Amino acid sequence: RPSDNWALRCAYWLLFEHEYFHFQTEIAATRHEVLTRELKTYERLFQDGHASWLEESMANARAY
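Because the structure is predicted, anything quoted here is derived from the model rather than measured.

## Here we look at the confidence of the model for the chain
Mean pLDDT over the chain works out to 89, with 100% of the residues at or above the 70 mark. For the chain, the element scoring lowest by mean pLDDT is helix α2 (residues 41-47), at 80; helix α1 (residues 2-36) scores highest, at 91.

Right under this line is the structure:
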């Protein structure tokens, strides 16, 4: 039905924007690693519980 189609499109774009923020974060970390030759930047961010929580919150805010 049209109402279902609208809801699915909204859900699709919400998820897309959320994941796009994660993609942008990974690109930024990779650039930092290349420029500084510090190859554990994103790994440390990924392991840090507070940083992971913050990235997830920012991805949700971006999607919203």
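## Some points on unusual backbone geometry
Of note in this structure, Arg37 is not a glycine but carries a positive phi near 60 degrees. With respect to the secondary-structure elements, Arg37 resides in the loop between α1 and α2. Judged by relative accessible area, which is 73%, Arg37 ranks as exposed.

## Some thoughts on the side chain of Glu55
Along the chain, Glu55 falls in helix α3 (residues 49-63). Comment: no salt bridge for buried Glu55; closest opposite-charge side chain is Arg62, at 12 Å. Residue contacts for Glu55: discarding those within four places in its chain leaves Phe21, His22, Thr25, Tyr42 and Leu45.

## Some thoughts on a nonpolar patch on the surface
Among the surface-exposed residues, Tyr12, Trp13, Phe16, Tyr20, Phe23 and Ile27 lie close enough to one another that they form a single nonpolar patch of about 610 Å² accessible area. Take Phe16: it is sitting in helix α1. The exposure class assigned to Phe16 is partly exposed, which follows from its relative accessible area of 36%.

Basis of the calculations
Residues numbered from 1 in each chain as written. Predicted model: local features only at pLDDT ≥ 70, side-chain atom pairs only at ≥ 80, totals over all residues. Heavy atoms only, no water. pLDDT = per-residue confidence, 0-100. Helix = DSSP H or I, 4+ residues; strand = E, 2+ residues; numbered from the N terminus. Buried < 20%, exposed > 50% of the residue type's maximum accessible area, 1.4 Å probe, protein only. Lys, Arg positive; Asp, Glu negative; His and termini not counted. Salt bridge = Lys/Arg side-chain N within 4 Å of Asp/Glu carboxyl O. Contact = heavy atoms within 4.5 Å. Patch = residues over 30% accessible without salt bridge, like charges linked within 9 Å, V, L, I, M, F, W, Y side chains within 5 Å. Areas by Shrake-Rupley, 256 points an atom, 1.4 Å probe, with all protein chains shown as cover.

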